[in-house]
Amino acid sequence: MWKIFSLCLALISPAFAAPKITVVVGEKAPAVEKVAATQLAHDLTALFEADVRIQTALPADAGSTILLGSPVTNPAIPAEGWPRLSPQGHVLKTTPRGLIVGGGSPAATLWAASELSYRFGIRHLLHGDVLPIAKPPFKVDGFDVLLDTKTRSRTWEGFNGQPFGLDSWSADDCDRLLV
């Protein structure tokens, strides 16, 4: 009986093997993009028990590749076909080289990395990250997402009569915020 169980386990274990993922960042990538690579590697390891490597060149071996940044910050990302993005716009796009996770600025690239984690079901909260109850399948194909804003800046209107606005705060709370 144990022989049959061991044989079955050996046959199905490749189906549950941890994915091998390479996150490629530019050699001279801004610090924010390096943080994005580290955060994305952490998320993929936590959710998929993946073997994630961060490096500055395209991998020679098989596995999934994520290209992080933009053509300006990462030479592995081709400029041809790069969308026109505002400094706040970001993209998740499957290409023959791998999944591009990038933005119109280094900060937007960090948002793109968070967007990918979000699409895999991870929720980043102040008290800690929450993984999905049912683990989704890992894949880097089929992404064609372009998120950009029509507004020039992201702001928070404090005095607009909303429950989350500053007009519901006490004067002491406002003083602590403004000082």
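Residues numbered from 1 in each chain as written. Predicted model: local features only at pLDDT ≥ 70, side-chain atom pairs only at ≥ 80, totals over all residues. Heavy atoms only, no water.

Side note on the pairing of strand S4 (residues 90–95)
Then comes step 1: Examined bridge by bridge, S4 and strand S5 (residues 98–103) share 6 bridges and lie antiparallel to one another. For Lys93, the partnering residue across the bridge sits in S5 and is Ile100.
Then comes step 2: Between S4 and S5, which pair antiparallel one after the other, the connecting turn spans 2 residues.
Then comes step 3: Taken together, the 4 bridges between S4 and strand S8 (residues 144–147) define a ladder with antiparallel strand orientation. By the bridge assignment, Val91 is partnered in S8 with Leu146. (Pairing = 2+ DSSP bridges. Helix = DSSP H or I, 4+ residues; strand = E, 2+ residues; numbered from the N terminus.)

Here's the deal with the pattern of salt bridges
Then comes step 1: For the coordinates displayed, the defined rule picks out 3 salt bridges.
Then comes step 2: Arg53 is the partner of Asp61 in a salt bridge, and the nearest nitrogen-oxygen pair spans 3.2 Å.
Then comes step 3: Under the relative-accessibility criterion, Arg53 is labelled partly exposed at 29%.
Then comes step 4: Between Glu115 and Arg119 there is a salt bridge whose closest N-O contact spans 2.8 Å. With Glu115 and Arg119 both in helix H3 (residues 106–119), this residue pair falls 4 residues apart, about one helical turn.
Then comes step 5: Taking the relative accessible area as the measure of exposure, Glu115 reaches 18% and is therefore buried. (Salt bridge = Lys/Arg side-chain N within 4 Å of Asp/Glu carboxyl O. Buried < 20%, exposed > 50% of the residue type's maximum accessible area, 1.4 Å probe, protein only.)

Regarding the sheet that holds S8
Then comes step 1: In space, the 6 strands of this open sheet follow the order S2-S1-S3-S5-S4-S8, with mixed pairing throughout. Looking at which strands have only one partner, the edges of the open sheet turn out to be strand S2 (51–55) and S8. Pairwise comparison of adjacent strand axes, ignoring direction, gives a mean angle of 20 degrees for this sheet.
Then comes step 2: As paired strands, strand S1 (residues 20–24) and strand S3 (residues 64–68) are joined by 4 bridges and run parallel to one another. Residue Val24 lies in a different strand from S3, and its bridge partner there is Leu67.
Then comes step 3: Along the sheet face, H3 touches S3, S4, S5 and S8 and points at about 130 degrees away from the line of S5. (Axes fitted to C-alpha atoms, helices over the stretch in contact; angles between N-to-C directions. Contact = heavy atoms within 4.5 Å.)

Points about the packing of aromatic side chains
Then comes step 1: Within this structure, the stated rule accounts for 4 aromatic pairs.
Then comes step 2: With a centroid separation of 5.1 Å and an interplanar angle of 85 degrees, the aromatic rings of Phe48 and Phe120 are classed as edge-to-face. Within this pair, whereas Phe48 is found in helix H2 (residues 31–48), its partner Phe120 is found in the loop between H3 and strand S6 (123–125), the two being separated by 72 residues in sequence. Both residues of the pair, Phe48 and Phe120, count as buried.
Then comes step 3: Look at Phe120 and Phe138: their rings are 5.8 Å apart centre to centre, the planes differ by 35 degrees, and that puts the pair in the tilted class. Highlighted residues: Phe120 in the loop between H3 and S6 and Phe138 in the loop between strand S7 (128–130) and S8, separated in sequence by 18 residues.
Then comes step 4: An aromatic cluster is built from Phe48, Phe120, Phe138 and Phe143, whose rings are joined through pairwise contacts. (Phe/Tyr/Trp six-rings, centres within 6.5 Å; stacked < 30°, edge-to-face > 60°.)

Comments concerning the confidence of the model for the protein chain
Then comes step 1: Mean pLDDT over the protein chain works out to 87, with 82% of the residues at or above the 70 mark.
Then comes step 2: Per-residue pLDDT, averaged within each element of the protein chain, yields its smallest value for helix H1 (residues 2–12) (48) and its largest for H2 (98).
Then comes step 3: Segment residues 5–14: pLDDT under 50, and 0 contacts once partners within four positions in sequence are set aside and those in other chains are kept. (pLDDT = per-residue confidence, 0-100.)

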